[in-house]
Amino acid sequence: MTEEVPVRRTDLLILMIVSIVGGVLLASLIVTPTLSTQFISTIFLGMVLLAFFLFIPVMGIRLFLDDWNDE
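Residues numbered from 1 in each chain as written. Predicted model: local features only at pLDDT ≥ 70, side-chain atom pairs only at ≥ 80, totals over all residues. Heavy atoms only, no water.

Participant: Sorry if this is basic, but what is going on with the overall build of the protein chain here?
Facilitator: Broken down by element type, the protein chain carries two helices and zero strands. At 16 Å, the protein chain has a C-alpha radius of gyration far larger than the 11 Å of a compact globule built from 71 residues. Across its three principal directions, the C-alpha atoms of the protein chain cover 50 × 20 × 20 Å. Counting the 71 residues in the protein chain, one finds 20% classified as buried. Look at the contacts in the protein chain between residues 6 or more apart in sequence, and 66% of them connect residues 24 or more apart. (Helix = DSSP H or I, 4+ residues; strand = E, 2+ residues; numbered from the N terminus. Rg over C-alpha atoms; globule rule 2.2 N^0.38 Å. Buried < 20%, exposed > 50% of the residue type's maximum accessible area, 1.4 Å probe, protein only. Contact = heavy atoms within 4.5 Å.)

This is the structure in structure tokens:
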């Protein structure tokens with residue numbers, strides 16, 4: 001399979017929204033939600049982890065939907 005997958009802006013936008021919401025949810029589960037540097041850094045950590053681990057599934061879902069719409 002030598003087919004390249006182009007990354008679209010909507011893919012990155014969906015990944016960014018999911019990462020932000022998921023990062024806040026993960027941080028609120030790990031640390032008490034207060035306005036502190038520890039809570040903010042935990043949000044950023046959750047966002048980075050979700051963006052890293054969800055990039056491939058988001059692209060896979062997009063390819064599946066593109067193939068499904070073509071048929």
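Participant: It is not clear to me how the packing of helix H1 (residues 9–30) against helix H2 (residues 37–70) should be interpreted in this structure. Could you clarify?
Facilitator: At a minimum axis separation of 7 Å, H1 and H2 run at an interaxial angle of 140°. Of the possible angle classes, the one that applies to H1 and H2 is oblique. In the crossing of H1 with H2, the sense of the turn from one axis to the other is right-handed. Counted by class, the contact of H1 with H2 contains 17 nonpolar, six polar and two charged residues. (Axes fitted to C-alpha atoms, helices over the stretch in contact; angles between N-to-C directions. Parallel < 35°, antiparallel > 145°, perpendicular 65-115°, else oblique. Left-handed = near helix turned anticlockwise from the far one by under 90°. Nonpolar A, V, L, I, M, F, W, Y, C, P; charged D, E, K, R; others polar.)

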